[in-house]
2 protein chains.
Amino acid sequence: MLKKERQAYIIQQINIHNKVLSSDLCVQLDVSEDTVRRDLQELAEEGKLMKVHGGALAKSFHFTIESKQVYSLPEKKIIAHKAIDLIKDGMLVVISGGTTMRELVNMLPPDLNATFVTTNVPIALELLEHPNAEVIFLGNKLLKSAQMAVGAEVVQRLGQIKADLCLLGTNSIDLHLGITDLEWEIIEVKKAMIACAQKTVSLAISEKLNSSQRLQVCPLDEVDILITELDPSDERLIPYAKRGLSIL
Amino acid sequence: MLKKERQAYIIQQINIHNKVLSSDLCVQLDVSEDTVRRDLQELAEEGKLMKVHGGALAKSFHFTIESKQVYSLPEKKIIAHKAIDLIKDGMLVVISGGTTMRELVNMLPPDLNATFVTTNVPIALELLEHPNAEVIFLGNKLLKSAQMAVGAEVVQRLGQIKADLCLLGTNSIDLHLGITDLEWEIIEVKKAMIACAQKTVSLAISEKLNSSQRLQVCPLDEVDILITELDPSDERLIPYAKRGLSIL
DNA sequence: TAAGTTCCCGCATAATCACGCAAATATTTT
DNA sequence: AAAATATTTGCGTGATTATGCGGGAACTTA
């Protein structure tokens, strides 16, 4: 069996199970543990997976483990700042959750007169502190992990809205699947958010570029603008620009 | 199971429940307590959580506890404690806003399995921290002054609910007008809350007795139970008892 | 205070890893 | 096609890591 084949098999297993054990692989592939380990190491260097003691995990684990609850990372401030310029007086803005978004809300100019629609509780609370923002919370059952309202009711009500802008906190974005996320219920809501807005903006710090989770929120061509903390000319962004996204 | 996998699971649990017990984890993950403890310690060193005797807490939990002590008047604690006894497993509870209510939510026993309906943002956020509570947020336009959703949409959806209990944070209560409040939009919602519940409970600290605002929420006879920090035999409560309210 | 947990420490065991080397295999050159 | 070169693989060795267990200390709770 060829090396490439083996590695393809490993990736496949990772995609299915989100993890592999070296011990399993060396039986399935009929090679020594060393070989498996070397394969994993190589794949890890290519960023295809995450090597750990005893095997490897899908890259998505990285986000669970490294869940930076750090509120104000400088990167997030930069992103927030860029995004704020897109919001004009009188706009109706649909806004998702996440710490970047909270940062953004916090930085909104006090004299801005816009209406915000959200399903995320901390964001709503933050928006309430703004002197002029009108806040609409689409409620329903709340999802604990994301602190947001989810479900058919929310999706339906989003369908009745025609927004100018959709600001999307993005967990993972890559060229293949576009924007992806972890939980089905979140996907549903985000999809509806995108659908109801004229322009969709994805806010992602650069480390979330070229990573993907299991479930697709939307393909790349449904995203209009991509905002990262990087300079638009950064090479990491070029493939996205080629796909027609505006980069800020 | 891989170590990182375990740790990811722990982080997930922390994100959902804001806390974990070592004893629970070592059953769920099928490892010894030592291993769990070592995992927690490691995660604590990385700043992902906060280790405490018996388990670990989310890092944010600490902050919320500290900020909570600002509004924790002892009277409110007493009231909250009395009210909690009314909430049983499986109940559907409609709950309004206010600091007393926040105190109450904070003190809910972790093993309580109830569903809560609210329109108040900080209450919703607090409820999300509870490990077992199901939270339903009825959303719409948010009223800044009360940090809650108001409007016809909310009233209508409350009309579709049949709740066991309505916990009402009360600004003013007197013998003539019953419960009163300041703003029209709040009144509307509170009325609907009372109407949809089998039992209405008014939570008020004693200084709010015998005071009234401009607008009536409901007359006294629509309130079933009145909870204050006073002893039920206190003379200030006797007139209310005579009007048929249960006093706790 | 006393009982029951939980924690901490060191140790033993087993699994996993890293490294060098030589054999096997693949690729390029002649 | 043969030789030369490069790459890949497996194995042995010793180092590193992960885990469970015992015993005593520290903490919690009644």
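Residues numbered from 1 in each chain as written. Chains lettered and ligands numbered in written order. Predicted model: local features only at pLDDT ≥ 70, side-chain atom pairs only at ≥ 80, totals over all residues. Heavy atoms only, no water.

Asker: It is not clear to me how the protein's contact with DNA strand C should be interpreted in this structure. Could you clarify?
Answerer: In the region of DNA strand C, 16 residues are neighbours, and A:Asp34, A:Arg37, A:Gly54, B:Arg37 and B:Gly54 sit closest. The protein-proximal atoms of DNA strand C, defined as those within 4 Å of the protein, are 70% sugar or phosphate. A distance of 2.8 Å separates a phosphate oxygen of DNA strand C from a polar side-chain atom of A:Arg37. The contact in question runs from a phosphate oxygen of DNA strand C to an N or O atom on the side chain of A:Lys51, over 3.2 Å. Mapped by element, the contributors of at least two residues to the surface near DNA strand C are α3 (33-45) and β2 (50-52) of chain A together with α3 (33-45) and β2 (50-52) of chain B. (Near = heavy atom within 4 Å. Polar contact = N/O pair within 3.5 Å; in protein donor to acceptor, adjacent residues only side chain to side chain. Helix = DSSP H or I, 4+ residues; strand = E, 2+ residues; numbered from the N terminus.)

Asker: Explain the interface of chain A and chain B to me, please; I cannot follow it from the model alone.
Answerer: Reports often express the size of an interface as the amount of accessible area lost when the parts come together. Contacts between the two partners involve 40 residues from chain A and, on the opposite side, 33 residues from chain B. For the pair chain A and chain B, the two sides together bury roughly 3,000 Å², of which 65% comes from carbon and sulfur. Per-residue buried area on chain A facing chain B is highest for A:Ile65, A:Leu128 and A:Lys144; these three make up 24% of the total on that side. Where chain A meets chain B, there are three salt bridges. B:Arg157 serves as the salt-bridge partner of A:Glu153, at 3.5 Å between the closest nitrogen and oxygen. Scanning the region where chain A abuts chain B turns up eleven residue pairs in polar contact (both at pLDDT 80 or more). Element by element, the count of residues in the side of chain A that touches chain B is highest for helix α7 (residues 121-128) of chain A, at six residues. The residue inventory of the side of chain A that touches chain B, partitioned by class, reads 20 nonpolar, twelve polar and eight charged. (Contact = heavy atoms within 4.5 Å. Buried area = accessible area lost by both parts, 1.4 Å probe. Salt bridge = Lys/Arg side-chain N within 4 Å of Asp/Glu carboxyl O. Nonpolar A, V, L, I, M, F, W, Y, C, P; charged D, E, K, R; others polar.)

Asker: What is the right way to read unusual backbone geometry from this model?
Answerer: Trans peptide bonds make up most of the peptide bonds, and negative phi angles are found at most residues other than glycine. Residues and elements named next belong to chain A. Of note in this structure, Asn18 is not a glycine but carries a positive phi near 70 degrees. One can find Asn18 in the loop between α1 (3-17) and β1 (19-21). A positive phi is found at Gln147, a non-glycine position, where the angle reads about 50 degrees. Positionally, Gln147 belongs in the loop between β7 (142-143) and β8 (148-149).

Asker: Quick question: what am I supposed to make of the nonpolar core here?
Answerer: Grouped burial of nonpolar side chains is what soluble globular proteins tend to show. If you look at the biggest cluster of nonpolar residues, it comprises 137 residues, and the most contacted ones within it are A:Leu104, B:Leu104 and B:Leu158. Leaving out residues up to four positions away in the same chain, B:Leu104 has contacts with B:Ala80, B:Ala83, B:Ile84, B:Ile87, B:Ile95, B:Leu167 and B:Leu203. Formed by 13 residues, the second largest nonpolar core is a distinct cluster that contains B:Val20, B:Cys26, B:Val36 and B:Leu49. (Core = buried A, V, L, I, M, F, W, Y, C linked by side-chain atoms within 4.5 Å. Buried < 20%, exposed > 50% of the residue type's maximum accessible area, 1.4 Å probe, protein only.)

Asker: Explain the sheet that holds β1(A) here, please?
Answerer: All names here are of chain A. Strand order across the open sheet formed by three strands is β1-β3-β2, with antiparallel pairing between neighbours. In the strand order of this sheet, the two ends are held by β1 and β2, each with one partner. The average undirected angle you get between the axes of adjacent strands in this sheet is 20 degrees. Pairing of β2 with strand β3 (residues 55-57), which is carried by three bridges, proceeds in the antiparallel orientation. Residue pairing across strands places Val52 opposite Gly55, the latter belonging to β3. Set on the sheet, α3 makes contact with β1, β2 and β3; between it and β2 the angle comes to about 140 degrees. (Pairing = 2+ DSSP bridges. Axes fitted to C-alpha atoms, helices over the stretch in contact; angles between N-to-C directions.)

Asker: For this particular structure, what's the right way to read helix α6 (residues 99-107) of chain A?
Answerer: Along α6(A), the positions that sit buried rather than exposed are A:Thr100, A:Met101, A:Glu103, A:Leu104 and A:Val105. Looking at the buried positions of α6(A), the neighbouring elements they touch are α5 (74-84), β4 (92-95), α7, β9 (163-169) and β12 (197-203) of chain A.

Asker: Help me understand the protein's contact with DNA strand D, please; the structure alone is not making it clear to me.
Answerer: Near DNA strand D there are 16 residues, and of these A:Arg6, A:Thr35, B:Arg6, B:Thr35 and B:Arg38 occur at the shortest range. Within the side chain of A:Asp34, a nitrogen or oxygen atom sits 3.2 Å from a base nitrogen of DNA strand D. Between a phosphate oxygen of DNA strand D and a side-chain N or O atom of A:Thr35, the distance comes to 2.3 Å. In terms of residue class, the surface near DNA strand D is built from two nonpolar, six polar and eight charged.

Asker: Please explain the sheet that holds strand β10 (residues 172-174) of chain B as it appears in this structure.
Answerer: The strands making up a sheet associate through backbone hydrogen bonding, with each pair oriented either parallel or antiparallel. All names here are of chain B. Pairing is antiparallel in the open sheet, where three strands are placed in the order β10-β11-β13. Of all the strands in the sheet, just β10 and β13 (215-218) have a single pairing partner and so form its edges. With strand direction ignored, the average angle separating the axes of adjacent strands in the sheet is 40 degrees. Two strands pair when backbone bridges link them, and strand β11 (residues 178-181) and β13 are joined in this way by three bridges, in the antiparallel orientation. Directly across from Ile179, in β13, lies its bridge partner Cys218. Against the sheet, helix α9 (residues 184-196) engages β11 and β13, with an angle of about 15 degrees to β13.

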